[in-house]
Amino acid sequence: MQKDEIKAADPIRTDISEIPQPEAKVEPVFGVRIGTMGILVSTSRFCEVLDKSQVNVLPNVHPWISGIVNLRGNLVPVFDLRVVLEEGAGDSKKRRLFAVDRDDKAIALWIDNYPEIKNRAAMHIVQELPKLPPVLQRFVTNGYELDGLVWLDIKFEELFKSLGSHQ
Amino acid sequence: MKKTFKTDLETDPVAVIEQLADESAQAGFYGLQDANLILVEAVRELQLDSKADKDISALVVAWSDLVEKFKDSPQQTSVDMMVFLRSPELNIPMEDDEFTMLGEQISSDAITAAEATDSDNSISAQPSIEEHITSIELLADQAAADGLYGLQDVNLLLAEALREAINDGSAVGTTELINTLSGWSGLIDGYREEPKNGALILIDFLRQPCLTMPLGDDEFAMLQEQLATERSTNQPIDEHSISETADAAPIAQDAKLNEEEFSAPVSRDALELVDLLLQASEQVRSCLLEIGDNDSALTGLTQTEEELERFASVAKIAGFEGLAQVTAHIISNVKRFIEEIESFTIDRHDLLLEWLNQVQEYLPSFNESSAGQLVVAGLMDDQWALPMAFEDLANILAQIRTESTDVGSQTEAARVESATDEDVSLALPSDVNQELLDLLLQEMPLQTQQFSAAVQRLQAGGDQKDVELAQRVAHTLKGSANTVGIKGIAQLTHQLEDILIACAHEHKLPNRALANSLINASDCLESMSEALMGLSSPPADAKTVLQDILDWANRIDKEGMPDTDTEETVPATQMIPGVTVETAEVAEKEVPEQIQETLVRVPAGRIETLFRVSGESIILNSQAQETSRRMRNQLKAMKVQFDLLQQLGAELEQLIDLRDFTGRSLAAIGSGIDAMEMDQYNELHTVSRRMAEAAIDAREISQDANKELDKMNELLDEQQRLVISVQEVVMQTRLVSISTIAPRLQRSIRQTCRMTGKQSELVLKGENLQIDGDTLNAMVDPLMHILRNAVDHGIESESERLAQGKPATGRITFEFDRDGNTILVRCRDDGKGLDYGAIRAAAEKRGLLKPGEEVSEDELKRFILRPNFSSRTVSTQTSGRGVGMDAVRAQIVNMGGTLTLESQQGRGMTIELRIPLPLSLTYALLTYVGRYRIAIANKGISQIIYSAAGEVVSEHDGTETLHLEGNNYPTVRLMDLLHVPDHRKVPRPYGAILMVENDDKTTAVLIEAINDSKDVVIKGLGRYVGKIPGYIGATILGDGTVTPVLDIPELLRAPVRSMTGVYTQPMETFEPASMLPTVLIVDDSLSQRRALEQLLTDAGYRVRTSRDGIEAAETLVNFMPDIVLTDLEMPRMNGIELASHIRTQEKIRHLPVIMITSRTTLKHRQMAEESGVDGYFTKPVRDEDLLLKMQNLMELAAEKMKTSA
């Protein structure tokens, strides 16, 4: 059994006061870096960085499903979007697990750094999205450019249901 | 209306009243206008009579006063007006019912006037005190005429007091006084009907300071006594007494008139509501009676308050608004009692009980105008923490008097002729009482089932008991639906009850046609019940069904019950095919009535949580047991070490004793005693001895620890059993009886029989078996399909069956049984069985068989399970839409089950389904596959053998075969099944072989080793990971690791998939739904979309829906249905525009389009046809007609396509 220990991290607190408060509208979102892309996650979702969780690998599943984490009695699937982005599986020792939602709705993602809090209202929409794998492209609603990275707004449920389907 | 007519009074009283009539009409009081005009006629008659001349002016004055008063206290005055108009002096030639109608009209005006007064608080319209005095004097005269001298006195005293007040100026402009006086005539009326309470109320009224009555307490008491006694001695109240007192004819007649005037007819509905309220009042009483001492007072009053709240709520819903208001006042008092519990005395307790007694006395006679007095009597008593103000009391009393004619009167109206959409509406009122609704939802499924069972027995013969049962259930349902406010159910059950009552009264059983209608109605009720529970959409045919029942009810009203059929009188056309449906249970025994435990409604999510938590407990227990096992091993190792220590200690001791090399030197020091003469021990002796003893002690402690560990293990085992029991009990809460799907199956067979014109009956056996609700829901579709197939393909026509010596009615049996962890369903029919010739011909046509090729019947059977294989050359709308047993099999296989067929030509077919039930706990073998740790559920494993027991031989084609005890078994490695890469040049060795049963064959599965075996709790992999072929779920092991739990038979059936390291599209697996014909439903009404969706899904279509033409046009860009059903009127793009759009698009122009609309005119139909619509249906649409049309159009379109290709 492969055990990937995640050395990590504090639970995330959505401290909106940390965000600069310009006169313009503020719309805070979590930004997580995965490979060459960034993914935006609504702050209305319950999010946490998992500390030292054991990822239990599964046979006969899609390669982007790294395994399962036992999160307080709920089995949470772990997705590796780098595999979906065709950038190869990253080094799990250097990455962290980012869990979104709770109970049976929870999923975990490998992320390359701690989540950052971004202001969507201050981000510029990308007119033309970079070429993405079809499975991802279908579920991207918007792209924003910030800090030299493209941050994607995704249809969360639809994307992960599609990635989790084995039918 | 000012008294500008005074001057005309003497010269032309008729003109005065006509003026009043005109003014009434202008004010919108048409009832009052009628009353004036009637009075005009009466006055004209009186004028012709010279003797009456003198009275006319007084009468007109009195009337005009009443008209004036009407503005301020319309409801009370309307009653007074009717008393006036009924006066014998006027001699108005009208019947009682005409008076009643006029009274209702004036009451209606009164309501309008009251609303107007509410919105415009004009004080200027108040009658003056003088006018009140005139009225009071008139009342005094009336009292004298009736021989009620006490009442006359009271009126005269009041009038006198008022005159005094005017004279001394104290009454000028006193609004309070004027308001107070407006209630007086109502109280007089109340007194006339209920002298005892009425007298008390009259005296209470007179005692008010604002009236400044110059009477002392003694005088008041005397007056009360006189009032209370004279009424009962002078005038009998009892209607029977009236009729018996022939001598007192004028008075008695008058009294009877009054009696009739105020006693509205009571409908059955009203009586039910009264029953309901009486029950609720009993609850209040029981709470009050529990109050015994100070300690129980607080609890009792709190409970009383809760029950009173409930009572008030029911009263309000039932239409007893006045009673609800009084109850609200009582609740305020009770609240005050609770706040000041010390002041809650026995007197106050009695006060509450007395009020309740009066309410219980009032309710059965609420329709009598005087009854309301009971509810308000004594509320001004000082004993109350909050005595009721007189004005409030008068208003409430007026309210109650109005209700006496309103409650339940609506349903007593003439039976409607035609059903409307509103009559079948299941919409909940905006202020629905959730508690009552929950109660209805809880009881309704059982009640509708009872009703259905009873009418089915009636259809099959039955007796009066069934009529009574059905009537009782309809009655209960109606009451509940009325209370909650669900009109659709209330209306249907109301009509059903009336029909069944007629059956009971005339001692006739429903004939076949009526029984069929009742069955349709019971189907409709069941569908409504399901719709309310959120399980399905409201029945589409509800209006048609209600109309049918209404027709029956109206026919029975006019012509009485139809005669019961004799064999000769049943015309063949009246027989609805397929309605001879019975269940084994129904046929064999009576359905028990309402024998059930108290049920508790719990949110499903809570049960899920409980289930999850109990699963967690089992996992934690496993972890504790695992830890205990490790501790035992450590203790064993420790014991070995202790044994060694003990042994070493003994050896050391021996050495010291034998050699004693140190002891000698120590003993010799200064003792002078030889060592042989006395044992002498030195420190080494002592230490070695102590060490040996410590080793023994440690060993014993270790043994004790072992014993404790044993005890702990026993406790853990016990706890494990307990938690597993908890989980099983929780699992049981998710179980549903199979009989709950019986109504749907029955409806389906009836519908199919109607469409095919065949006669069949459905018998269910073992339907009381309880299985997991989700599994049952998933089973419904395949079972319905099998049922339709059996009727359509299996059962012969009536003539064919008779020719073959079979009963005219085909018999289809669904038998449910449980076999281990699977549910076994045997579906048998006594039809013609499989037509092997036709299957062979179809197989040859498709190139699956060569002409003349030898093939067994078993192999031919397998053909019909192949995708898209149909032996029929012409498909039908019922089951042959290109979907056959292959689709059923696919659905069953997707559920992890199996399907087998048995057929006997000419005698019928049996389809056996085995469907696994969801597992929460399974016994599993633990093994490794490469780096993966795996739990293998014991499901399907018939034998475990060790590698040496058989020989695995590699075949030329790369496959392997196990030779075991003379048999050869196909062999596969678990590693290959799971696509785990193995880079070894030689195959991995295997340590164990699992013999797995799957699809009637045994496969040997090779695994490396069995590392452990245990019960494991199965958990899901979260919402986002779909079903992984071969996985039941995953489990958390004792050490906290998560491993998948495999279902090897399913894994063996799973399609081979490629799991490479790079992104691949998810593999498409066999999707039965993809073979179904597709339909696009376009309708802006959600309920219509849902109704059609359910109908067509049940009929075997794959359905997509759109909300309007624009959305449909967008859907059609990427989705090609086989047919489109559209509404006509929709926002953005209507049905005609949509049809035109479809006809202009090259890709979809061939699509058949059916329009379903409520527009019945030829113009709309022509517009639709011009736009390219192929079929036009007006609502309500018969399901069969729609399905038939769809089938025809689809076939036509397919033909066209073929021709053009």
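Check the entry above for the structure.
Residues numbered from 1 in each chain as written. Chains lettered and ligands numbered in written order. Predicted model: local features only at pLDDT ≥ 70, side-chain atom pairs only at ≥ 80, totals over all residues.

Caption draft 1: Highlighting the pairing of strand 8 (residues 921-929) of chain B. Residues and elements named next belong to chain B. Where strand 8 meets strand 16 (residues 1012-1017), 6 bridges bridge the pair, whose relative direction is antiparallel. Within strand 16, the position partnered with Thr922 by the bridge is Val1016. Hairpin geometry of strand 8 and strand 9 (residues 932-937) is characterised by an intervening segment of 2 residues between the two adjacent antiparallel strands and by a positive phi of about 60° at Gly930. (Pairing = 2+ DSSP bridges. Helix = DSSP H or I, 4+ residues; strand = E, 2+ residues; numbered from the N terminus.)

Caption draft 2: Focus on the sheet that holds strand 9 of chain B. All names here are of chain B. Strand order in this open sheet of 5 strands is 16-8-9-18-17, and the pairing throughout is mixed. Each having just a single partner strand, strand 16 and strand 17 (1031-1036) make up the two edges of the open sheet. Averaged over neighbouring strand pairs, the angle between their axes works out to 40° when direction is ignored. Pairing of strand 9 with strand 18 (residues 1042-1046) involves 2 bridges; the strand directions are parallel. The residue bridging Ile936 from the neighbouring strand is Leu1046, located in strand 18. (Axes fitted to C-alpha atoms, helices over the stretch in contact; angles between N-to-C directions.)

Caption draft 3: Local environment of the interface of chain B and chain A. Taken residue by residue, the interface counts 33 residues in chain B and 32 residues in chain A. Every element with two or more residues in the side of chain B that touches chain A is listed here: strand 9, strand 17 and strand 18 of chain B. A per-element tally of the side of chain B that touches chain A places strand 18 of chain B first, with 3 residues. A breakdown of the residues in the side of chain B that touches chain A according to their chemical character gives 17 nonpolar, 10 polar and 6 charged. (Contact = placed C-beta atoms within 7 Å. Nonpolar A, V, L, I, M, F, W, Y, C, P; charged D, E, K, R; others polar.)

Caption draft 4: Layout of the pairing of strand 2 (residues 37-42) of chain A. Residue and element names in this part refer to chain A. Across 6 bridges, the pairing between strand 1 (residues 28-34) and strand 2 is antiparallel. By the bridge assignment, Val32 is partnered in strand 2 with Ile39. Here strand 1 folds back onto strand 2 in antiparallel fashion, the turn holding 2 residues, of which Gly35 has a positive phi close to 60°. Sheet topology note: the strand 2/strand 12 (residues 149-154) ladder contains 4 bridges and is parallel.

Caption draft 5: Spatial organisation of the sheet that holds strand 4 (residues 810-819) of chain B. All names here are of chain B. Pairing in this open sheet of 5 strands is mixed, and the strands run 2-4-5-7-6 from one edge to the other. The two strands at the open ends of the sheet, each matched to only one other strand, are strand 2 (760-765) and strand 6 (898-904). With direction set aside, neighbouring strand axes in the sheet form an average angle of 15°. As defined by bridge partners, strand 4 adjoins strand 5 (residues 822-829) across 8 bridges and the pair is classed as antiparallel.

Interpretation note: all reported values are geometric properties and have no functional meaning in isolation.
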